[in-house]
There are 2 protein chains.
Amino acid sequence: MHRAAVKRVVRENVFDANDTLAGANREMLDRAGTYTINMMSSPGAGKTALLERTLERLRGKPRVGVLEGDIQTTLDADRLARFHVPLVQVNTDPGFGGECHLDANMVRSGLRELPLDDIEILIIENVGNLVCPAEFRVGEDVRVMVYSVTEGEEKPLKYPLMFRSADLVLVNKVDLLEHLDFDIEQFLGNLDAVNPGVRYVLTSARTGQGVEEWCGWLGQRLEGI
Amino acid sequence: MHRAAVKRVVRENVFDANDTLAGANREMLDRAGTYTINMMSSPGAGKTALLERTLERLRGKPRVGVLEGDIQTTLDADRLARFHVPLVQVNTDPGFGGECHLDANMVRSGLRELPLDDIEILIIENVGNLVCPAEFRVGEDVRVMVYSVTEGEEKPLKYPLMFRSADLVLVNKVDLLEHLDFDIEQFLGNLDAVNPGVRYVLTSARTGQGVEEWCGWLGQRLEGI
């Protein structure tokens, strides 16, 4: 009992500080006129590959910047460097296993390195994790989740918070559907059960399917500002 | 700076309490003669599907028990119920987003519900997460990691702690290799870079590839006791 009680207090403090910093990030981004997307998924769902297709397709209209979050390495940022967009890598560091998510303070340190006035849409690629990133607001306008069809139909029920907090779900790797025992109708039913009416796009970073629709959705975000 | 300092102290306390409880779990398991495996992976890498194939193959020799960890639902335990093995589901609960890992205390509550004297090998299926579960010892003898080839070659470099702490890696979903741009030699090189010489088995829960070898490895664990 003692441990649980201590833990609860600590977590509230952490979230409280995080929310304050997330609010400050949001003000900074709003002042710059930067619309910000927190992109989240399991490891290997295809966030970086989709970003590559996205940057290829948009070619600077609108002007996109990227904040890459990873525990270690700059591998993802290296993959995106060829697009010559404003890009910063935030490593969540080898504390012990490394932080399993980006929090508002880590994002803040990255924002300082970006020319926000020149960025219309900032995409924050979070650490690959289906749980913890959803608990931390970082100052984003919306959350976009990438889900790979290789992960199974039932994950919305098992990991509800992230699916529930998503504003858009990119259902990725659909080129593999014919090789999988994945019932997409069942997955979409589970998704709708935890996040009724949430919009989704079927995508494949490999074939390009859905990239046009996703980029169209991105463009519409700017019209509302 | 203040926040970082506070956080470090808190985490040390958490790990300290966890290690004490993990030690107590280990004593309980040793007394019962139960060899214990902490099975970890990303969400959707195929832990449950591999367990299904494993239980089909072993048919009670050795006698296996399962402790299922999930944030919510009993979906995985339901899938395994048909094998009539000792089985307990531990839900890590909707605290906020739910705990993203099993810790020693949660496992302890599950162990109390299991007939340990009748279990030669206990498989603990951890919450799907490539980061946090690796930070928490739960009393296991060994760690077995399941990795899906759909997750990409570079993950050992990006999430080193879990790969480094694994005693065996089941490289799963190899039936999909022909449909993926996955360079398995590169992955194995990355794996060896963070965990030199670690043993691995190429598996497919779908075709059954590698299940024999993995079950042989399991059997060998008991010979050493």
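Residues numbered from 1 in each chain as written. Chains lettered and ligands numbered in written order. Predicted model: local features only at pLDDT ≥ 70, side-chain atom pairs only at ≥ 80, totals over all residues. Heavy atoms only, no water.

**Some points on the interface of chain A and chain B**
Quick reminder of the rule: Between two residues, a contact is recorded if the distance between any of their heavy atoms is within 4.5 Å. Summed over both partners, the accessible area lost on bringing two parts together, with a 1.4 Å probe, is the buried area. In the sections that follow, a salt bridge refers to a side-chain nitrogen of Lys or Arg positioned within 4 Å of a carboxyl oxygen of Asp or Glu. Here a polar contact is taken to be a pair of N or O atoms separated by no more than 3.5 Å, where protein atoms must pair a possible hydrogen donor with a possible acceptor and residues adjacent in sequence count only if both atoms sit in side chains. Numbering goes from the N terminus for both helices and strands, where a helix is a DSSP run of H or I of at least four residues and a strand is a run of E of at least two.
With 43 residues of chain A at the contact, the number on the chain B side is 43 residues. When chain A packs against chain B, close to 3800 Å² is buried across both sides, 57% of that on carbon and sulfur atoms. The interface formed by chain A and chain B includes 6 salt bridges. The residue A:D181 makes a salt bridge to B:R206 at a minimum N-O spacing of 3.1 Å. Where chain A meets chain B, there are 14 residue pairs in polar contact (both at pLDDT 80 or more). Those elements that provide at least two residues to the side of chain A that touches chain B are α1 (2–32), α3 (75–80), α5 (155–158) and α6 (160–165) of chain A. Ranked by residues supplied to the side of chain A that touches chain B, first place goes to α1(A) with 6 residues.

**Quick notes on the environment of B:V131**
Mapped onto the elements, B:V131 comes out in the loop between β4 (121–125) and β5 (142–148). For the pair B:V131 and B:P160, spaced 29 residues apart in the sequence, the C-alpha separation amounts to 8.8 Å.

**A word on the sheet that holds strand β7 (residues 199–202) of chain A**
Residue and element names in this part refer to chain A. Threshold: Strands are labelled as partners when DSSP assigns at least two bridges between them. To get an axis, a line is fitted to the C-alpha atoms, and for a helix only the part in contact is used. The angle between two axes follows their N-to-C directions and goes from 0 to 180 degrees.
Judged by pairing direction, the sheet is parallel, and its 7 strands sit side by side in the order β3-β2-β4-β1-β5-β6-β7 without closing on themselves. The open sheet terminates on both sides in strands that have one partner only, identified here as β3 (87–91) and β7. Averaged over all pairs of adjacent strands, the angle between strand axes in this sheet comes to 20°, irrespective of strand direction. Sheet topology note: the strand β2 (residues 64–70)/strand β4 (residues 121–125) ladder contains 5 bridges and is parallel. Following the sheet pairing, L67 is matched in β4 by I124.

**A short note on helix α4 (residues 104–111) of chain A**
Residues and elements named next belong to chain A. Where we set the bar: Each residue gets one of three labels from its accessible area relative to the maximum for its type: buried under 20%, exposed over 50%, partly exposed in between, using a 1.4 Å probe on protein chains only.
The buried fraction of α4 is high, at 6 of 8 residues. Among all positions of α4, only A104, M106, V107, R108, G110 and L111 are buried. For α4, the capping residue at the N-terminal end is D103, with a side-chain oxygen 3.0 Å from the backbone nitrogen of N105.

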